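Structure assessment
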Amino acid sequence: MFLFGKLKYRHKIASIIFIFSLIPMLVLGSVLFINVWNEKVDDILEKNEALLAGSVTGVDNLLTSNVDMLLFINSNFYINNYLETKTDQNLVGIMSFNDYLQSVVGAVKADMKNDSVIIYSINEHTLNGDYLRRFDSLGSYEPDGGSQLRQDILASDPGNVFWRLSALDGLGAPEDRTYIYLYKTLASFRGPLAVTEIRVPFPTIRRHFDVELPLNTSIVFESNIGGGRFPISGPGQGEAAADHSEDQYGIRLDLKSGIGSVAMYIPKSLVIRELDSYWIGAIAMLLGVMIILFLMVEVVSFYLTRKLEVLFRRMNTTVENLLQNDHLQFSTTDDEFSRMGNVLHELIVRVRDYYKRINDYETERTVLETQLLQERVNPHFLYNTLSTMKWLSGDERIRGVIDSMVRYYRIALNKGSSIITIDQELEMMHEYLELQKFAYGNDFAFHIHIEKGLGDTPMLKHLLQPVVENAVLHGINGRETGGSISIRVERGMPGETASDQVWIHITDNGEGIQPEKLSTIMRGETDADSMYGGYGMLNTRKRIEVYYGKPYGIEIDSKPSKGTTVTLRIPAAA
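In this text, all values refer to a predicted model and were calculated from it rather than measured experimentally.

1. With respect to helix H14 (residues 464-476)
- Between its first and last C-alpha atoms H14 spans 17 Å; for 13 residues at 1.5 Å apiece the expected length is 18 Å, and the two agree.
- Most of H14 sits inside the fold, with 10 of its 13 residues counted as buried.
- For H14, the set of buried residues is Leu464, Gln465, Pro466, Val467, Val468, Asn470, Ala471, Val472, Gly475 and Ile476.

If you want it as structure tokens, here you go:
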């Protein structure tokens, strides 16, 4: 993640596109790979299953042939008649039957190779011979002498073959001493006469699986007629009960006789080795696709971000250079990056205009501060001079004027501070109007009213003096009698945004202002010959704009012959 943050924006886009394109490709590729892999595994297993099926078919044919031979013997009329009638019990008859039975069995065994055939007669007086024996000798190889086996055979369905798998005692591997026994009851309407036995050696079955098998592949016979499992072919033939773990594929085919099934176990590692070329090719293809995808994504991201990089190169400079570059241009094409460039250009133009206005405000503020510094004369020198003039004069009017001047300048100078309270500003205006009455000899009336709670509100010093001066000089000056000036301080109208403002109204009952002159003043244009249009009003307007900003300022309401009201709006913050 740390290295990702250092990449260029183009490479970040390419990486994100590459990752989000690669994920579905990997998912789909994995699904496709697994499906193809399974199909190829199924092909390999089907090939081996066909190999196994051929051998199983041979075993089925072998067992079917033995069943047919068993049925052939049991259906022999002469054998059935001899066992049922027992008429020929003399030596000649017995020898004659044995000769006949030997010829029949010999013919059967000629097709059955190593298999053996024995008829067990139920008649207890039967003499044991090569192919005819007493029933009580059947199963003598069993631990119990065959008693349970004989009972099971007689209890089984006479119409079906009774199967049995058992190993005889002796030397050698168990599967070499193992036989598959076929029993079929030979009966008449009176009851069972004998049981015919055909014994098939297990190695006979094994010979059908003498085929070339894959490496480490084993074939096992799994019996349903007792005896368990017997290896047929492959490694571990001597371990009849060998376990086959999950690292092997198993193929199982049932024998038609129902005596069991034949299973082939193929190591999974062998199948994987056979598919080496496939998965190596798949990995190589995946790497190739990833390389091609990465190159394509890089090219696409380059063309997508080319205009953005051009825009960034044009912006890759200081703010001052951007604001001072009057020839900065962006693309004129109608796309997202061009519109972004146009918005940026408009923003730069506006910021440049704001910078210019701020510089103008700072210049004006510097001028105003310089003027205020020039006005900061030594108050002690001024107070001492005025006090001397007061005591030298014997005229009470002169003394009153001097007292008004002292009170006025004490507030006006105020140790050089440019912020005073509204109460102090109104007190200063009171003394100023008294001085104006004395200076111009004009006996006018003035009234000052302030709403309760607003006296301690701070304000810029000398905001009212230029307006009051214009009211005296241009409003009521020239009137012999009846002139009046009103100063009224109140809070903005409740329920409006102006409720956090203080409104200061200066009203005179003079001649008013002509409409065309009023519109000039409201636009901020100066006209020394115009009423309320001199430098004093412009100075007041600029000071409010610079110090307080919007929405504070000055409003003028004037009607010819009905007087003029100038309203100053300042913040009501204490």
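Moving on from the model shown.
2. Focus: the side chain of arginine 569
- Among the secondary structure elements, arginine 569 is positioned in strand E16 (residues 563-571).
- Overall, the relative accessible area of 14% leaves arginine 569 in the buried class.
- Among the polar contacts made by the side chain of arginine 569, one reaches the main-chain carbonyl oxygen of proline 551 at a distance of 2.3 Å.
- With residues up to four places along the chain from it excluded, the contact list for arginine 569 reads Gln501, Val502, Trp503, Ile544, Pro551, Tyr552, Gly553 and Glu555.

3. Quick notes on the sheet that holds strand E14 (residues 501-508)
- The strand order E11-E13-E14-E16-E15 describes an open sheet built from five strands, whose pairing is mixed. Of all strands in the sheet, those with a lone pairing partner are strand E11 (445-450) and strand E15 (553-559), marking the two edges. Shown here is a sheet whose adjacent strand axes are inclined to one another by a mean of 15°, direction ignored.
- Sheet topology note: the E15/E16 ladder contains seven bridges and is antiparallel. Paired with isoleucine 554 across the strands is leucine 568, a residue of E16.
- Strands strand E13 (484-491), E14 and E16 of the sheet are contacted by H14, whose axis makes an angle of about 20° with E14.

4. As for unusual backbone geometry
- Residue histidine 462 is not a glycine yet carries a positive backbone phi of 70°.
- Along the chain, histidine 462 turns up in the loop between strand E12 (458-460) and H14.
- Judged by relative accessible area, which is 14%, histidine 462 ranks as buried.
- Even without a glycine there, the phi angle at serine 561 is positive, about 70°.
- In this fold, serine 561 is placed in the loop between E15 and E16.

5. As for the packing of aromatic side chains
- Applying the stated criterion across every chain, the model contains eight aromatic pairs.
- Pairing tyrosine 179 with tyrosine 181 gives two aromatic rings, centres 6.3 Å apart and planes at 50°, and the pair type is tilted.
- Ring centres of tyrosine 181 and tyrosine 183 lie 6.1 Å apart, and the angle between their planes is 10°; this geometry places the pair in the stacked category. The pair formed by tyrosine 181 and tyrosine 183 is uniform in burial state, with each residue classed as buried.
- Lying over the aromatic face of tyrosine 179, arginine 199 brings its terminal NZ or CZ to 4.4 Å of the ring centre.

6. Quick look at the confidence of the model for the protein
- When pLDDT is averaged across the protein, the result is 78; 77% of the residues are at 70 or more.
- Counting contacts from residues 237-242, a segment whose pLDDT is below 50, to residues more than four positions away or on other chains yields 11 contacts.

7. Here's the deal with the sheet that holds strand E6 (residues 218-223)
- Ordered in space as E7-E6-E9-E8, the four strands form an open sheet in which the pairing is antiparallel. Two strands in the sheet have a free side with no partner beyond their single neighbour: strand E7 (229-233) and strand E8 (248-254). Geometrically, the sheet is characterised by an average inter-axis angle of 25° between neighbouring strands, direction not taken into account.

8. Thoughts on a nonpolar patch on the surface
- On the surface, Ile16, Ile19, Phe20, Ile23, Val27 and Val31 cluster together into a nonpolar patch covering about 570 Å² of accessible area.
- Tracing the chain through its elements places isoleucine 16 in helix H2 (residues 9-74).

9. Let's talk about the packing of helix H13 (residues 422-440) against H14
- The interhelical angle for the contact between H13 and H14, taken along N-to-C directions, is 30°, at an axis separation of 11 Å. By the angle between their directions, the pair H13 and H14 is classed as roughly parallel. H14 is crossed by H13, and the crossing has right-handed handedness. Across from Glu425, Leu426, Met429, Tyr432, Leu433, Gln436 and Tyr440 in H13, the residues of H14 making contact are Leu464, Gln465, Val468, Glu469, Val472 and Leu473.

10. A closer look at the pattern of salt bridges
- According to the stated counting rule, one finds six salt bridges in the structure shown.
- When the shortest N-O distance is used, the salt bridge between glutamate 142 and arginine 164 registers 3.2 Å. With glutamate 142 in the loop between strand E2 (132-134) and helix H5 (147-155) and arginine 164 in strand E3 (residues 162-167), the pair connects residues that are 22 residues apart, well separated along the chain.
- Take glutamate 142: its relative accessible area is 11%, and that puts it in the buried class.
- Overall, arginine 164 belongs to the partly exposed group, its relative accessible area being 26%.
- The salt bridge involving arginine 252 is made with glutamate 222; its shortest N-O contact spans 3.0 Å. You can see arginine 252 sitting in strand E8 and its partner glutamate 222 sitting in strand E6, a full 30 residues away along the chain.

Calculation criteria
Per chain, residues are indexed from 1 in the order of the written sequence. Side-chain atom pairs in this predicted model are given and counted only at pLDDT of 80 or more, local residue features only at pLDDT of at least 70, and totals for whole chains, interfaces and linings cover all residues. To get the side-chain values, all heavy atoms of the structure are used, and hydrogens and water are removed first. Runs of H or I in DSSP of at least four residues are treated as helices and runs of E of at least two as strands, each being numbered from the N terminus. The span one expects for a helix is its residue count, reduced by one, times 1.5 Å. Three labels apply to residues, based on accessible area from a 1.4 Å probe with only protein chains included: buried if under 20% of the type maximum, exposed if over 50%, partly exposed otherwise in between. Pairs of N or O atoms within 3.5 Å make up the polar contacts considered here, provided that, within protein, one atom can donate a hydrogen while the other can accept it, and that residues adjacent in sequence are counted only when both atoms are side-chain atoms. Contact criterion: two residues are considered in contact whenever any of their non-hydrogen atoms come within 4.5 Å of each other. We treat two strands as partners when DSSP finds at least two bridges between them. Here an angle of 0 to 180 degrees is reported between the N-to-C directions of two axes, which are lines fitted to C-alpha atoms, with helices fitted over the stretch in contact. Pairing of aromatic rings covers Phe, Tyr and the six-membered ring of Trp, with a centre-to-centre limit of 6.5 Å; geometry is then stacked below 30 degrees between planes, edge-to-face above 60, and tilted otherwise. For a Lys NZ or an Arg CZ to count as sitting over a ring, it must be within 6 Å of the ring centre and within 35 degrees of the ring normal. Per-residue confidence from the predictor is given as pLDDT, running between 0 and 100. To count toward a patch, a residue needs a relative accessible area over 30% and no salt bridge; like charges are then connected within 9 Å, while nonpolar side chains (Val, Leu, Ile, Met, Phe, Trp, Tyr) are connected within 5 Å. Using a 1.4 Å probe, accessible areas were evaluated by the Shrake-Rupley method; residue-level cover was limited to the displayed protein chains. One side-chain nitrogen of Lys or Arg within 4 Å of one carboxyl oxygen of Asp or Glu is enough to make a salt bridge. Working definition: roughly parallel below 35 degrees, roughly antiparallel above 145 degrees, roughly perpendicular at 65 to 115 degrees, and oblique for all remaining angles. Should the near helix be turned counterclockwise from the far one by less than a right angle, the crossing is left-handed, whereas a clockwise turn marks it as right-handed.

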